[in-house]
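Residues per chain, in single letters:
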Amino acid sequence: MAIQFREELKELSAYKPGKPIEDVKREYGLNEVIKLASNENPLGCSPKATEAIKKAADNLAIYPDGNCTLLKEALANKTGLKPSQILPSSGSDEMLDQLAKTFVNPGDEAIMADITFSRYIATTKMMGGKPVIVPLKEWTYDIDGMLEAITDKTRLIWLCNPNNPTGTMFTEDKLNDFLAKVPKNIIVVYDEAYNEYVTRDDFPKNSLDLLNDYSNLIVLRTFSKIYGLAALRVGYTMASEEIISNINKIRGPFNVNTLAQVAAVAALGDDDFIKKSYEVNKEGKNFLYKAFDEMGLEYAPSETNHIFVNVEKDANEIFVNLQKKGMIIRPITGTWIRVSIGTAEQNKKFIDLLKEVL
Ligand SMILES: *Cc1c(COP(=O)(O)O)cnc(C)c1O
């Protein structure tokens, strides 16, 4: 008799990661491969984080602190929230799953954009939820369209600001207006994975204050992007105590490992590293904008550490041709690729190789 998998799995497929650098080197006989495909910090991470891990490495036989006490305290100090309003997770990815498990019943509608972070649709479907898709307008969230998509079956709304993969943002005014209009029984998940990179003044800098006004709001941040700790898998979620205590019912008891916890605490204490990462990213963005302008390539304005650019040829073909030359980027749709902003040297190399393949 055949094994029966849950019905929802028929709708899902496994995440296809890009090839690791070592595989690309071997496959094409290359000595140097640069990966600008996963929005990682090209400067690495704070040396304080590495130091903290070395110290903690003596204690690997001991289970992690399942409450993430010190990390919650450090985050509470940084954000002004109570530790009980904060919940670390094994990357934001894990939290997206946990949120779907906490809120989505079979048949519930979840509103999301297209194109946006691909985990929103996957976790919604995993729980038997019904994705309601609102296309971007000019590569930017159509916030009004998302409001119009609300029905009495809507359970949850996924927002990513600034957006991955297009790098675009919506403003504080839009967010305030949106939250005021969304019925209070509908959960609004607000994913700020790239907020530390934003340069524009009209970005919602008030997202944490909004938690006081909106008990249906959940804000997600991560240590994987500007903090450069993607390998460790650690992110954090902020919401009302009621929401946090309910997520606590379904999360694994030791979901954030010890090394991730100590490194995250240390990284939070290194403002200089964050400042430098921000500056390098800003300069890299301007360099790439200028190069794209000179090449006559259209791109979406980015408030992140990646740029969504129209290479005017099949994105998959450009991806393969760049990879053969030791440059890994991400094809997204049609003729549009996403390139992560690297160091000055990596960005220059990317432009040189892009010119060659075009
Ligand atoms: C990278 C990313 C995440 C996931 O980050 P992890 O903390 O590494 O799981 C979440 N949301 C968005 C929009 C991202 O781009």
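Look a little higher up for the structure.
Residues numbered from 1 in each chain as written. Predicted model: local features only at pLDDT ≥ 70, side-chain atom pairs only at ≥ 80, totals over all residues. Heavy atoms only, no water.

(A) Main features of the pattern of salt bridges. This structure, assessed with the given rule, holds 19 salt bridges. Here K130 ties to E109 by a salt bridge, and the two come within 4.0 Å at their closest N and O atoms. Pair noted here: K130 is in strand β4 (residues 130–135) and E109 is in strand β3 (residues 109–114), with a separation of 21 residues, a long-range link. Among the salt bridges present, the one from R221 reaches E192, with a minimum N-O distance of 2.8 Å. Here R221 is found in strand β7 (residues 217–222), whereas its partner E192 is found in the loop between β6 (187–191) and α8 (207–213), with 29 residues between them in sequence. Residues R221 and E192 agree in their burial class; the two are buried. (Salt bridge = Lys/Arg side-chain N within 4 Å of Asp/Glu carboxyl O. Helix = DSSP H or I, 4+ residues; strand = E, 2+ residues; numbered from the N terminus. Buried < 20%, exposed > 50% of the residue type's maximum accessible area, 1.4 Å probe, protein only.)

(B) Region of interest: helix α3 (residues 69–79). Looking only at α3, the buried set comprises L71, K72, A74, L75, A76 and T79. In the segment just after α3, G80 is the residue with positive phi, at about 80°.

(C) Region of the structure containing the packing of aromatic side chains. Applying the stated rule across the entire model yields 13 aromatic pairs. Judged by centre distance (4.9 Å) and plane angle (55°), the rings of F223 and Y227 are tilted. Of the two residues, F223 and Y227, both sit in the buried class. Relative to Y236, the ring of F223 lies with its centre 5.5 Å away and its plane at 45°, an arrangement referred to as tilted. Here F223 is found in the loop between β7 and β8 (235–238), whereas its partner Y236 is found in strand β8, with 13 residues between them in sequence. Through a chain of ring-to-ring contacts, three or more aromatic side chains come together here, namely Y289, F292, Y299 and F350. (Phe/Tyr/Trp six-rings, centres within 6.5 Å; stacked < 30°, edge-to-face > 60°.)

(D) The arrangement of the site of the ligand in detail. If you check the shell around the ligand, you find 13 residues, and the closest are D191, Y194, T222, S224 and K225. In the environment of the ligand, a nitrogen atom lies 2.6 Å from a nitrogen or oxygen atom belonging to the side chain of D191. Residue S224 places a side-chain N or O atom 2.5 Å away from an oxygen atom belonging to the ligand. Within the complex, the protein chains bury 94% of what would otherwise be the 380 Å² of accessible surface of the ligand. A total of three residues in the shell around the ligand trace back to one element, the largest contributor, which is helix α4 (residues 91–103). (Near = heavy atom within 4 Å. Polar contact = N/O pair within 3.5 Å; in protein donor to acceptor, adjacent residues only side chain to side chain. Areas by Shrake-Rupley, 256 points an atom, 1.4 Å probe, with all protein chains shown as cover.)

(E) Inspection of the sheet that holds β6 at higher detail. Pairing in this open sheet of seven strands is mixed, and the strands run β2-β8-β7-β6-β5-β3-β4 from one edge to the other. Only two strands of the sheet have a single partner each, and these edge strands are β2 (86–89) and β4. This sheet shows a mean twist of 20° between the axes of neighbouring strands, independent of strand direction. In this fold helix α9 (residues 241–250) packs onto β2, β6, β7 and β8, with an angle of close to 35° to the strand it touches most, β2. (Pairing = 2+ DSSP bridges. Axes fitted to C-alpha atoms, helices over the stretch in contact; angles between N-to-C directions. Contact = heavy atoms within 4.5 Å.)

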